[in-house]
Every structure is written in structure tokens, then in C-alpha cells.
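As a plain string of letters, each chain reads:
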Amino acid sequence: ARKKIQGELDAILNESNVLAKQVGDLFKAGKKAEADDLKNKIEERNNQIKQIEEEIRQYNIEVTNAGNQAKTLQNTIKTLDLTKKKLAKDISLTENKIQKTSLTIQELNGQIDETKDNIATNKKAIISALKNIQSLEDNNFITTILSSKNISDVWNDIDNTKQVQEVIQNKSKELVSLKKDMESK
């Protein structure tokens, strides 16, 4: 039973190491769909941790029972063996929790990088929109009317100015939302 559990533990740890490397590669490549797959694997890791915790609980029960029967040398050896198995499971549990935490940190780093990219894109859009407004405002209203061929051109310029202002407002709101989202992470 011990070799089987140790084999399972080794397989879980090897898989964790592979996942950790893959997670880093996925975030570097900006693959969000695969990041969702990572969440599923983290959930599987949680389930394995729960299973190992249950096995540890069973070993604790067996250690207690064996301790009650420790009247002979054979029972004492059994108690020591069960304690050794319990300690191995405790170590396995801790290693699994460390791997899960590492995966979670990598996932959050990817989300933070994505949010930073969105903020930079929105800042560029706002700067561009402000430049467009400045360009439109450099021509005063009278100059715009006199330089236009007809009144519909004037209205188009006014509509364009309003649209640029709306874009600025929307991008500003989006920036505030992204900043709040990033601060919460």
C-alpha cells in the first residue's frame, strides 16, 4: 500500500512540475483559453489534496488503534511504520499545496499582465482622441463654418467632435474599471 501511495504521490508531483512549466509558457504566449484549463487542473490538484488528507486521517486512526494495542514489540513496530506513512503523507500534502499556490500565482501574474496591456491600449486611445479634439478645437466655429462648402459639413464636424468626446468618456470609464480590477488582484 505504501509503494502504491508513494507512486501516486510521485506521479502527482511530476504532473505538478509539468503544469508549472506549461502555465508559465501559456501566460507568456497570452493564451487565455489554456489558462482556464489551468484552473481545472488546479481544481484537480485540490481534489487530490483532499484525498491525501483523507488517507492521512485514516493513518491517524490506525496509529491511534495501533497505539492502544502497543503491548507487544510487533505492535510498536506497526505504530512506527504507520507514523512514518502519516509523515510521508503530510509531506506530500505540503508539496501539493506548494505546487497549487505556485500555479495560482502564475495565473494571477498572467491576469495582471493582461490588465496592464489593456490599460496601455486605453491610454493610447484616449491620447489619440484628445489629439483629435485639439485638432478640431484649433479651428474655431466661425472658421469651420466659413471653410465648409455647405452646412452639412459643419454638422458632420460637430458630430465628429461629439463622437470623439464620447470615445474619451468611454475609454476613461474603462480605464478606471481596469485600474480597480488590477488593484483588487
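Residues numbered from 1 in each chain as written. Predicted model: local features only at pLDDT ≥ 70, side-chain atom pairs only at ≥ 80, totals over all residues. Heavy atoms only, no water.

Novice: Just to check I follow, could you spell out the overall build of the protein for this structure?
Specialist: Counting its secondary structure elements, the protein contains five helices and zero strands. Mapped from its N terminus to its C terminus, the protein presents α and β elements in the order α-α-α-α-α. (Helix = DSSP H or I, 4+ residues; strand = E, 2+ residues; numbered from the N terminus.)

Novice: Where do I start with the nonpolar core in this structure?
Specialist: Nonpolar side chains in soluble globular proteins tend to be buried together. Of all hydrophobic cores here, the largest spans five residues; its members are I12, I49, I52, I56 and L93. Per-element tally for this core: the top contributor is helix α2 (residues 32-68), with three residues. Apart from the residues within four sequence positions on either side, I12 is in contact with R45, Q48, I52 and N96. (Core = buried A, V, L, I, M, F, W, Y, C linked by side-chain atoms within 4.5 Å. Buried < 20%, exposed > 50% of the residue type's maximum accessible area, 1.4 Å probe, protein only. Contact = heavy atoms within 4.5 Å.)

Novice: Looking at this model, I keep getting lost on the pattern of salt bridges. Mind explaining?
Specialist: Where charged atoms from two side chains of opposite charge come close, those side chains can pair. As enumerated under the stated definition, the model contains five salt bridges in all. Across the salt bridge formed by R57 and E54, the nearest N and O atoms sit 2.7 Å from each other. On the criterion of helical spacing, the pair formed by R57 and E54 is a turn pair, its members being three residues apart in helix α2. E55 serves as the salt-bridge partner of K89, at 3.0 Å between the closest nitrogen and oxygen. Here K89 is found in helix α3 (residues 73-138), whereas its partner E55 is found in helix α2, with 34 residues between them in sequence. (Salt bridge = Lys/Arg side-chain N within 4 Å of Asp/Glu carboxyl O.)

Novice: What exactly am I supposed to notice about the environment of I12 here?
Specialist: You can see I12 is positioned in helix α1 (residues 2-29). Placed 36 residues apart in sequence, I12 and Q48 show a C-alpha to C-alpha distance of 8.3 Å.

Novice: Honestly, the confidence of the model for the protein in this entry has me stumped. Any pointers?
Specialist: Here the protein averages 78 in pLDDT, while 80% of its residues score no lower than 70. Of all secondary-structure elements in the protein, the lowest mean pLDDT belongs to helix α4 (residues 141-147), at 63, while α3 reaches the highest, 84. (pLDDT = per-residue confidence, 0-100.)

Novice: Help me out: how do you make sense of the environment of E44 in this one?
Specialist: By secondary structure assignment, the location of E44 is in helix α2. Sequence separation between E44 and K100 is 56 residues; the distance between their C-alpha atoms is 9.8 Å.

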